[in-house]
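Coordinate analysis (summary)
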Amino acid sequence: MQPPDFEISVSPARPHHAAELTHIAHAAKRHWGYPDAWMAIWRDQLTFTPQDVADRPTFVARGGDRCLGVYALSRTGDVACLEHFWVLPEAMGRGVGRTLFEHAVGQAQARGATLLEIESDPNAVGFYRHMGCRPAGETVYDLDGQPRRLPVLHLALQPAAAAGP
């Protein structure tokens, strides 16, 4: 991993960040060399609206004044789902993903989750495995007339520490 030449900070995203977050998601997905036809199919899934950002916990990683990555969480019961996790290609391998992931784990724990679930792009599985996630199945759907298999990974979470006396 190449050390960053910037300090990485993570903070809540704001609705006015939606266009910039959408740019990050599209650039990260395109980085894997998917055909334009698939990118067009995924356009809406990769788009953040101001309402999306307002409605669910969404966080952005910054290096200086630049947005480098984003994630969003949802929660059902004690399971937190990593709904989005994107890092700009030029920031990959520089600690942005690790910083974002560790932040997401902390946020999931703080919200009472005991399990983090990720439906991963096949190209990102190595990253999630490196972060301690374990295979838990797959989701299969039809994409452009062929089956597309998305690995599902889980990370067991420790309960959030109780507040002191």
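Our structure's up above, just so we're on the same page.
Anyway, here's the lowdown on the structure attached to this text.

Rules of the game
Residues numbered from 1 in each chain as written. Predicted model: local features only at pLDDT ≥ 70, side-chain atom pairs only at ≥ 80, totals over all residues. Heavy atoms only, no water. Pairing = 2+ DSSP bridges. Helix = DSSP H or I, 4+ residues; strand = E, 2+ residues; numbered from the N terminus. Axes fitted to C-alpha atoms, helices over the stretch in contact; angles between N-to-C directions. Contact = heavy atoms within 4.5 Å. Salt bridge = Lys/Arg side-chain N within 4 Å of Asp/Glu carboxyl O. Buried < 20%, exposed > 50% of the residue type's maximum accessible area, 1.4 Å probe, protein only. 1 Å grid on protein atoms, 1.4 Å probe; cavity = no way out; pocket = protein on both sides within 12 Å on 5 of 7 lines; lining within 4 Å. Points joined across faces, edges and corners; volume = space filled by probe spheres on them. Core = buried A, V, L, I, M, F, W, Y, C linked by side-chain atoms within 4.5 Å. Lys, Arg positive; Asp, Glu negative; His and termini not counted. Polar contact = N/O pair within 3.5 Å; in protein donor to acceptor, adjacent residues only side chain to side chain.

As a further point, take the sheet that holds strand E1 (residues 8–12). Taken together, 7 strands build an open sheet; the order of strands is E1-E2-E3-E4-E5-E7-E6 and the sheet is mixed. The sheet is open, and its two borders are formed by E1 and strand E6 (134–143), each paired with just one other strand. Looking at each pair of strands side by side, their axes are set apart by 25° on average, direction ignored. One ladder, built from 8 bridges, connects strand E3 (residues 66–76) with strand E4 (residues 79–87); its direction is antiparallel. Considered in E4, the bridge of Ala72 is made with His84. Contacts from helix H4 (residues 96–110) reach E1, strand E2 (58–63), E3, E4, strand E5 (115–119) and strand E7 (146–156) within the one sheet, and its direction differs from that of E3 by about 30°.

The full count for this structure, using the stated rule, is 7 salt bridges. A salt bridge links Arg66 to Glu90; its shortest N-O distance comes to 2.5 Å. Pair noted here: Arg66 is in strand E3 and Glu90 is in the loop between E4 and H4, with a separation of 24 residues, a long-range link. Residue classification places Glu90 among the partly exposed residues on the basis of a relative accessible area of 43%. Notably, a salt bridge pairs Arg98 with Glu102, separated by 3.3 Å at the nearest N-O pair. In this pair, Arg98 and Glu102 are both assigned in helix H4, 4 residues apart and thus about one turn of the helix distant.

A word on the layout of surface pockets. Quantified by volume, the largest pocket comes out at close to 980 Å³. Around the largest pocket, the lining is made up of 38 residues, and of these Phe85, Trp86, Asp121, Ala124 and Tyr128 lie nearest the centre. Of all the secondary structure elements, the ones that give two or more residues to the lining of the largest pocket are helix H1 (18–30), E4, H4, E5, helix H5 (125–130), E6 and E7. A per-element tally of the lining of the largest pocket places E4 first, with 7 residues.

Looking now at the nonpolar core. Within the largest apolar cluster, 47 residues are counted, with the highest numbers of intra-cluster contacts made by Leu82, Phe101, Leu116 and Tyr128. The greatest single-element share of this core, amounting to 6 residues, is contributed by H4.

Among the secondary structure elements, Leu21 is positioned in helix H1. With 27 residues separating them in the primary sequence, Leu21 and Phe48 have C-alpha atoms 6.4 Å apart.

Let's shift gears to the side chain of Arg62. Following the sequence through the fold, Arg62 ends up in strand E2. Buried Arg62, no salt bridge; nearest opposite-charge side chain is Glu20, N-O distance 4.8 Å. Engagement of the side chain of Arg62 in a polar contact is seen with the side chain of His17, the distance being 3.0 Å.

Any functional reading would require information that these geometric values do not contain.
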